[in-house]
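For reference, the chains in residue letters:
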Amino acid sequence: MKSKINRLSDEEIKVILRASDEIIAKGGRTLLAKILKGSREKKVLQLGLDRCPVYGYFKSEKLDEIMKKIDWMIDYDFLEIEYDGKFPMIVFTERGWYIESDQYADELLNEWKEWAKQGKQNPDMSYLKDRNRKMILLLLEKIKESGDQAFIPYLELWEKVDYKKVRAEIRTTINVINRNEPIDHSVVKERTESINEALEGLEPHDLLLKCWICGVRFTFTTGEQRFYEKKGFSYPKRCKKCRNEKDI
């Protein structure tokens, strides 16, 4: 799945991750490319994917070029392919989700800021229930760091509808804001630096695997890795010699 393109910008990486979030484990590379292209295809519209905030970001580019960008994201450890039967599905790598959860938490926080600006009252906060727990805790950390008193009514509404453990964290967040506790800027700085480091990606490289049969280490090239991933195969557990001997 070699992608012969220049390195993507941080913004492009984040855009592709955000679009991927709409179809994780539910759609593949082609559907993701169509979101980014701004396709008006029936399936895209039926799934409401035109409501994705980055829908049509690459509308001026050809679908093949967008697919190359997606392949680059796979090559550099932001996304990967998992198979549901015969169907290849886009999923996040640990690196990809780390970046996406941070920017999604920011997206939710910015939505709250807009609500406060507009004086919105009594929003249905159940939309936050059953979200990824780590992302929700990160959102609460960012709300604490904002120190914004205008968020307290939304926190109190949210506290009424979520699970016990989340309610406890929401109550802690309310108390921190009410007490006007100082922000630990070192934590914010460390998180920012960690995100920037993750955005560097992991350049494709050969792997050294150990044969389960003879114990000898063998090279599993980037080309072989892409082939195995494209076919949905697990990485080999035997060296070529042991594989060949079994086939004889």
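Look up a bit, the structure's there.
Quick caveat: nothing in here was measured; it's all calculated off a predicted structure.

Participant: Outline the environment of N132, listing residues and values.
Facilitator: Secondary-structure assignment places N132 in the loop between α5 (94-118) and α6 (133-146). With a relative accessible area of 35%, N132 lands in the partly exposed category. C-alpha of N132 to C-alpha of S101: the two residues are 31 residues apart in sequence and 8.7 Å apart in space. A polar contact is formed between the side chain of N132 and the backbone nitrogen of K134, at a distance of 3.1 Å.

Participant: Tell me what's going on with the nonpolar core, and back it up with residues and numbers.
Facilitator: By size, the foremost hydrophobic cluster in this structure holds 34 residues, and its most contacted members are L32, L36, M73 and L79. Elements represented by at least two residues in this core include exactly α1 (10-21), α2 (29-37), α4 (63-75), β1 (79-84), β2 (87-92) and α9 (185-198). Per-element tally for this core: the top contributor is α4, with 6 residues. Discounting chain neighbours no more than four positions away, the residues touching M73 are L8, I13, I16, L17, F78 and L79. Counting 23 residues, the second-largest nonpolar core is a separate cluster that includes M125, L128, I136 and I177.

Participant: Describe the packing of aromatic side chains, naming the residues involved and giving the relevant values.
Facilitator: Considering all chains together, one arrives at 15 aromatic pairs under this definition. On the numbers, 5.6 Å between centres and 35° between planes, the contact of F92 with W97 is tilted. Seen in terms of ring centroids, F220 and Y235 are 4.7 Å apart; in terms of plane orientation they differ by 65°. Their pairing is edge-to-face. Taken together, the positions of F220 in strand β4 (residues 217-220) and Y235 in the loop between α10 (222-231) and α11 (240-247) put the pair 15 residues apart, joining distant regions of the chain. Three or more aromatic residues joined by ring pairs form one cluster here, namely W112, W115, Y127, F151, Y154 and W158. When the ring centre of Y163 is taken as reference, the NZ or CZ atom of K129 above it lies at 4.7 Å. For K237, the ring lying beneath its charged end belongs to W212, and the centroid distance is 5.4 Å.

Participant: Quick rundown of the pairing of β4? Include the residues and the values.
Facilitator: Here β4 shows a buried face lined by F218 and F220 and an unburied face lined by R217 and T219. Examined bridge by bridge, strand β3 (residues 207-210) and β4 share 4 bridges and lie antiparallel to one another. Bridged to L209 within β4 is F218. A loop of 6 residues connects β3 with β4, the two strands running antiparallel in sequence, and G215 in this loop sits at a positive phi of about 85°.

Participant: I'd like to hear about the side chain of R18, residue by residue, with values.
Facilitator: Within the secondary structure, R18 is located in helix α1. In this structure R18 comes out as buried when scored by relative accessible area, which is 5%. Not counting residues within four places of it along the chain, the set of residues in contact with R18 comprises C52, P53, V54, E100, Q103, Y104 and E107.

Participant: Which residues make up α2, and what are the values?
Facilitator: For α2, the full list of buried residues reads L31, L32, A33, K34, I35 and L36. The inward-facing, buried residues of α2 contact α1, α3 (42-46), α4, β1 and β2. The positive-phi residue at the C-terminal boundary of α2 is G38, with phi of around 85°.

Participant: Please provide a residue-by-residue account of unusual backbone geometry, values included.
Facilitator: At A25, a residue that is not glycine, the phi angle is positive and equals roughly 60°. Mapped onto the elements, A25 comes out in the loop between α1 and α2. According to the relative accessible area criterion, A25 is partly exposed, its value standing at 46%. Phi at N180 is positive, roughly 55°, even though this residue is not glycine. Structurally, the position occupied by N180 is in the loop between α8 (164-178) and α9. Note on N180: relative accessible area 61%, which makes it exposed.

Participant: An account of α4 is needed here, citing residue identities and associated values.
Facilitator: Here α4 is 13 residues long and its end C-alpha atoms lie 18 Å apart, about the 18 Å a rise of 1.5 Å per residue gives. Of the positions making up α4, those classed as buried are I66, M67, K69, I70, D71, W72, M73, I74 and D75. Packing partners of the buried residues in α4 comprise α1, α2, β1, β2 and α10. One or two positions beyond α4, positive phi appears at D77, with a value near 70°.

Scoring rules and cut-offs
Residues numbered from 1 in each chain as written. Predicted model: local features only at pLDDT ≥ 70, side-chain atom pairs only at ≥ 80, totals over all residues. Heavy atoms only, no water. Helix = DSSP H or I, 4+ residues; strand = E, 2+ residues; numbered from the N terminus. Buried < 20%, exposed > 50% of the residue type's maximum accessible area, 1.4 Å probe, protein only. Polar contact = N/O pair within 3.5 Å; in protein donor to acceptor, adjacent residues only side chain to side chain. Core = buried A, V, L, I, M, F, W, Y, C linked by side-chain atoms within 4.5 Å. Contact = heavy atoms within 4.5 Å. Phe/Tyr/Trp six-rings, centres within 6.5 Å; stacked < 30°, edge-to-face > 60°. Lys NZ or Arg CZ within 6 Å of the ring centre and 35° of its normal. Pairing = 2+ DSSP bridges. Expected span 1.5 Å × (residues − 1).

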